[in-house]
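One-letter residues, chain by chain:
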Amino acid sequence: MIRQKLPHEIKSEETKQKILTTTEKMLSQYDFKYLTVRNLCEEAGVAYGSFYHHFTSKENLLFIYTGNLYQVARRENPIPDWVNPADYIECILWHTIVYGQFCEMMGKDLTKYLYQNCPQDLFAETYNQEVIPIINDAKQRGMLDPSREKPYNRPPEVLLAKDIEIVEKGTVVWWSCYSKEDAEPLHETLEHLIFNMLYSYCSEQYRATDHLHMLLTEREQFPGSITIHPINTPQDT
């Protein structure tokens, strides 16, 4: 038997949702720096105590809020049918591109703040649940170069997974801090770097296949494939 929620539990959930909804509203209307706990509580019409009942800090709020958005982006952008499901390079590149476009959608200021102030890793869940299994499958099918195990005594999928993580984080931090307005889009930079890294891990057996690798951003289908709706105004990006 499912227990019905008590009135105070319902009110508590409504308050939390009001804070999250107000966060989205403020990020769409104001400069990111305007989003403070004080301004948020005033805008939402909730007390300080109510805020800290649900969130430990502004950073915790932003991590949960952006994490929810990222989950939506992932659900709306599964690996498309024009990506070869047997090609681990294309599959990992697709996840990389979705993440890159998600960061672009959030904007440089918010992305930089998340990376510098939030101890959690926004990409970790997708990385562990979807990317690592793809790498493990590639190893089982002989697509990773086994010679990489010898100098480090570590399986190539572990080294590759760590390399991807380092490149992802480093590139996003660089983009949010230093990239110019006319620079290559973040998702394309990530794709080029990860493509070269993944291909360098290919075994001779994989290189000998007659599969032509094409960067996903060069496909005509790509521009309309990801439909993430902006939460920031143009001046925030």
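Residues numbered from 1 in each chain as written. Predicted model: local features only at pLDDT ≥ 70, side-chain atom pairs only at ≥ 80, totals over all residues. Heavy atoms only, no water.

A. Structural context of the overall build of the protein chain. Secondary structure summary: the protein chain contains 11 helices and zero strands in total. Each helix and strand of the protein chain, ordered N terminal to C terminal, gives the series α-α-α-α-α-α-α-α-α-α-α. Sequence separation of 24 or more characterises 73% of the internal contacts of the protein chain that already satisfy a separation of 6 or more. For the protein chain, the accessible surface area stands at approximately 13,000 Å², while carbon and sulfur atoms represent 53% of it. (Helix = DSSP H or I, 4+ residues; strand = E, 2+ residues; numbered from the N terminus. Contact = heavy atoms within 4.5 Å. Areas by Shrake-Rupley, 256 points an atom, 1.4 Å probe, with all protein chains shown as cover.)

B. Main features of the pattern of salt bridges. The full count for this structure, using the stated rule, is eight salt bridges. A salt bridge links D109 to K33, with the shortest nitrogen-to-oxygen separation between them at 3.6 Å. Of this pair, D109 sits in helix α6 (residues 108–117) while K33 sits in the loop between α1 (7–29) and α2 (37–44), and the two are 76 residues apart along the sequence. E157 is paired through a salt bridge with K139; the nearest N and O atoms lie 3.4 Å apart. Separated by 18 residues along the polypeptide, E157 in helix α9 (residues 156–178) and K139 in helix α7 (residues 124–140) bring together distant segments of the chain. Given the relative accessible area of 14%, E157 is considered buried. (Salt bridge = Lys/Arg side-chain N within 4 Å of Asp/Glu carboxyl O. Buried < 20%, exposed > 50% of the residue type's maximum accessible area, 1.4 Å probe, protein only.)

C. Just the side chain of E168, in detail. Relative to the assigned elements, E168 resides in helix α9. Put simply, E168 is tucked away with no salt bridge, and the nearest opposite charge, on K169, sits 10 Å away. (Lys, Arg positive; Asp, Glu negative; His and termini not counted.)

D. Spotlight on the environment of K112. For K112, the location among the structural elements is in helix α6. By relative accessible area, which is 31% here, K112 ends up partly exposed. For the pair K112 and V173, spaced 61 residues apart in sequence, the C-alpha separation works out to 6.4 Å.

E. Expanded view of the environment of T217. If you trace the backbone, T217 turns up in the segment after α11 (204–207). T217 sits 120 residues away from I97 along the chain, and the two C-alpha atoms are 8.5 Å apart.

F. Seen up close, the nonpolar core. Y88, I92, L160, I164 and L198 are the most contacted members of the largest nonpolar core, which has 65 residues in total. Sorting the residues of this core by element identifies α1, α2, α4 (58–76), α5 (88–106), α6, α7, α9 and α10 (186–200) as the ones contributing at least two each. Counting residues per element, this core draws most heavily on α5, which supplies 13 residues. Here I92 is in contact with V131, I134, I135, I164, I194 and L198, once residues within four sequence places are set aside. (Core = buried A, V, L, I, M, F, W, Y, C linked by side-chain atoms within 4.5 Å.)

G. View of the packing of aromatic side chains. Taken as a whole and assessed by the stated rule, the structure comprises nine aromatic pairs. Ring geometry for Y48 and Y52: centres 6.4 Å apart, planes at 70°, overall edge-to-face. Of this pair, Y48 and Y52 both sit in helix α3 (residues 48–54), separated by four residues, roughly a single helical turn. With a relative accessible area of 37%, Y48 lands in the partly exposed category. Grouping aromatic residues by their ring pairs yields a cluster made of Y48, F51, Y52 and F55. Over the ring of Y113 we find K58; its NZ or CZ atom is 4.9 Å from the centre of that ring. (Phe/Tyr/Trp six-rings, centres within 6.5 Å; stacked < 30°, edge-to-face > 60°. Lys NZ or Arg CZ within 6 Å of the ring centre and 35° of its normal.)

H. Just the packing of α5 against α7, in detail. Where α5 meets α7, the closest approach of the two axes is 10 Å, and the angle between their N-to-C directions is 170°. Taken together, the axis directions place α5 and α7 in an arrangement best described as roughly antiparallel. Across the interface between the two elements, Y88, C91, I92 and H95 from α5 touch T126, E130, V131, I134, I135 and A138 from α7. Of the residues belonging to the contact of α5 with α7, the class tally is seven nonpolar, two polar and one charged. (Axes fitted to C-alpha atoms, helices over the stretch in contact; angles between N-to-C directions. Parallel < 35°, antiparallel > 145°, perpendicular 65-115°, else oblique. Nonpolar A, V, L, I, M, F, W, Y, C, P; charged D, E, K, R; others polar.)

I. The arrangement of the confidence of the model for the protein chain in detail. Of the residues in the protein chain, 86% reach a pLDDT of 70 or more, and the chain-wide mean stands at 84. Across residues 232–237, confidence stays below pLDDT 50; counting only partners more than four residues off in sequence or on other chains, it has 18 contacts. (pLDDT = per-residue confidence, 0-100.)

J. Main features of the side chain of T171. Summarising the element assignment, T171 is placed in helix α9. The class of T171 is buried, set by a relative accessible area of 8%. Those residues in contact with T171 that sit more than four places away from it in its chain are L186, T189, L190 and L193.

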